[in-house]
Amino acid sequence: MGNFRLDGKTAIVTGGAGGLGRSMVQAYARAGANVVVASRNRDNIERVANGIRSKGQSAIAHRVDITDVDSVDALVQATVDAFGSLDVMVNNAGRWGRGHEPEDTPIDEWRDVVEQNLTGMFIPCLAAGRQMIKQQSGKIINISSTAGSKGNPGQLHYSAAKAGVISLSNNLAMKWARHNINVNCILPGLIATEELKGYGIIPPAIDKEGNAVPRLNLTPNPEDVADLALFLASSASDAMTGELFPIRAWLRSERFWT
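Read on for a plain summary of the structure. This structure is a prediction, so every number in the text was calculated from the model and none was measured.

Section: the overall build of the protein chain
Line of reasoning, step 1. Looking only at helices and strands, one finds eight helices and seven strands in the protein chain.
Line of reasoning, step 2. In terms of C-alpha radius of gyration, the protein chain reaches 18 Å, essentially the compact-globule figure of 18 Å for 258 residues.
Line of reasoning, step 3. Principal-axis analysis of the C-alpha atoms places the extent of the protein chain at approximately 55 × 45 × 40 Å.
Line of reasoning, step 4. Split into buried and exposed, the 258 residues of the protein chain put 49% on the buried side.

In structure tokens, the structure reads:
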């Protein structure tokens, strides 16, 4: 399984202290990578980085605002200063918006959701890409959403921004292929993070008759997303770029609007 190892590689994960981000940085660290846990909340990212270091693995925490060019440039520079390269950039940070009828979507909320979810991927992609062009190698993994591929009329701003992430990823994959930079996109559906479990919106694993729900009808866990992100960061995916990878249960609501 050497193709799935990341020994000697360095990975940044934005939103690295959240449910998906934490699982990804832990998977990368177990695979031998130096990981940079990046987010706005210093206490949270330090907690995650300390947990990784306590297992003898390599991690640093770096506070970043993904919508600020200088902040993101500083993140990339600090990573290269610490470890000598940037091999994997996972753009995972973002935010949901509140549900609205399309005609009732507030313009200020539209702007903020698009800023966090699309501009907040564009800026880190460019910062990572410039470093990877120097190296003539690298992997960029953008976390979009099934809302970006199938739509979500109740979250017009979020689904439009996540669709933009898909387009951004495809365009960068084409332009940067000559630099040996892979750009791929993961599209999670509903994932059983602790946050979403707390909202009570994750379907139960036992049906009304007390029977276990089949695995493919269960909501995926953060570790399932991390396994896919590990594959895309590893040499096992070297021939793949500009691809979309949905990860979701076989539920009607994950493929259609209603």
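Quick word on the nonpolar core
Line of reasoning, step 1. Ranked by size, the top nonpolar core spans 36 residues in total, and within it Met24, Tyr28, Val90, Ile141 and Ile186 carry the most contacts.
Line of reasoning, step 2. Ile186 has contacts with Ile141, Asn142, Ile143, Ser144, Ser145, Val225, Leu228, Ala229, Leu232, Phe245 and Ile247, leaving out every residue within four places of it along the chain.
Line of reasoning, step 3. Ranked by size, the runner-up nonpolar core spans 29 residues in total, among them Leu86, Ile140, Val165 and Ala173.

Looking at the pairing of strand 7 (residues 244-247)
Line of reasoning, step 1. Residue alternation in strand 7 divides its side chains into a buried set, Phe245 and Ile247, and an unburied set, Leu244 and Pro246.
Line of reasoning, step 2. Where strand 6 (residues 181-188) meets strand 7, four bridges bridge the pair, whose relative direction is parallel. Bridge assignment links Ile186 to a residue of strand 7, and that residue is Phe245.

Notes on the packing of helix 3 (residues 69-83) against helix 4 (residues 107-135)
Line of reasoning, step 1. The contact between helix 3 and helix 4 brings their axes to 9 Å, and the two run at 35°. For the pair helix 3 and helix 4, the sense of crossing is right-handed. Facing Val69, Val72, Asp73, Val76 and Val80 of helix 3, the residues of helix 4 in contact are Ile123, Pro124, Ala127, Ala128, Arg130 and Gln131.
Line of reasoning, step 2. Counted by class, the contact of helix 3 with helix 4 contains eight nonpolar, one polar and two charged residues.

Some remarks on the environment of Ser149
Line of reasoning, step 1. Secondary-structure assignment places Ser149 in helix 5 (residues 147-150).
Line of reasoning, step 2. The exposure class of Ser149 is partly exposed, given its relative accessible area of 46%.
Line of reasoning, step 3. For the pair formed by Ser149 and Ile166, sequence separation is 17 residues and the distance between their alpha carbons is 8.1 Å.
Line of reasoning, step 4. With near-sequence residues (within four places) excluded, Ser149 lies in contact with Ile166 and Leu187.
Line of reasoning, step 5. For Ser149, the side chain forms a polar contact with the main-chain oxygen of Thr146, separated by 3.1 Å.

Here we look at helix 3
Line of reasoning, step 1. If you check helix 3, its first and last C-alpha atoms are 21 Å apart, about what 15 residues at 1.5 Å a residue would give, namely 21 Å.
Line of reasoning, step 2. Those residues of helix 3 lying buried are Ser71, Val72, Leu75, Val76, Thr79 and Val80.
Line of reasoning, step 3. In this fold, the buried residues of helix 3 make contact with strand 1 (10-14), strand 2 (34-39), strand 3 (59-63) and helix 4.
Line of reasoning, step 4. Two or three places before Asp70, at the start of helix 3, stands the capping residue Asp68, its side-chain oxygen 3.3 Å from that residue's backbone nitrogen.
Line of reasoning, step 5. Just beyond helix 3, the residue with positive phi is Gly84, at close to 90°.

Examining helix 4
Line of reasoning, step 1. The end-to-end C-alpha distance of helix 4 is 41 Å, a good match for the 42 Å that 29 residues give at a rise of 1.5 Å each.
Line of reasoning, step 2. The sharpest bend along helix 4 comes to roughly 40°, located at Glu115.
Line of reasoning, step 3. Count one or two residues on from helix 4 and you reach Gln136, which has phi positive near 60°.

What counts as what
- Residues numbered from 1 in each chain as written.
- Predicted model: local features only at pLDDT ≥ 70, side-chain atom pairs only at ≥ 80, totals over all residues.
- Heavy atoms only, no water.
- Helix = DSSP H or I, 4+ residues; strand = E, 2+ residues; numbered from the N terminus.
- Rg over C-alpha atoms; globule rule 2.2 N^0.38 Å.
- Buried < 20%, exposed > 50% of the residue type's maximum accessible area, 1.4 Å probe, protein only.
- Core = buried A, V, L, I, M, F, W, Y, C linked by side-chain atoms within 4.5 Å.
- Contact = heavy atoms within 4.5 Å.
- Pairing = 2+ DSSP bridges.
- Axes fitted to C-alpha atoms, helices over the stretch in contact; angles between N-to-C directions.
- Left-handed = near helix turned anticlockwise from the far one by under 90°.
- Nonpolar A, V, L, I, M, F, W, Y, C, P; charged D, E, K, R; others polar.
- Polar contact = N/O pair within 3.5 Å; in protein donor to acceptor, adjacent residues only side chain to side chain.
- Expected span 1.5 Å × (residues − 1).
- Bend = angle between axes of the 7 residues up to and from the residue.

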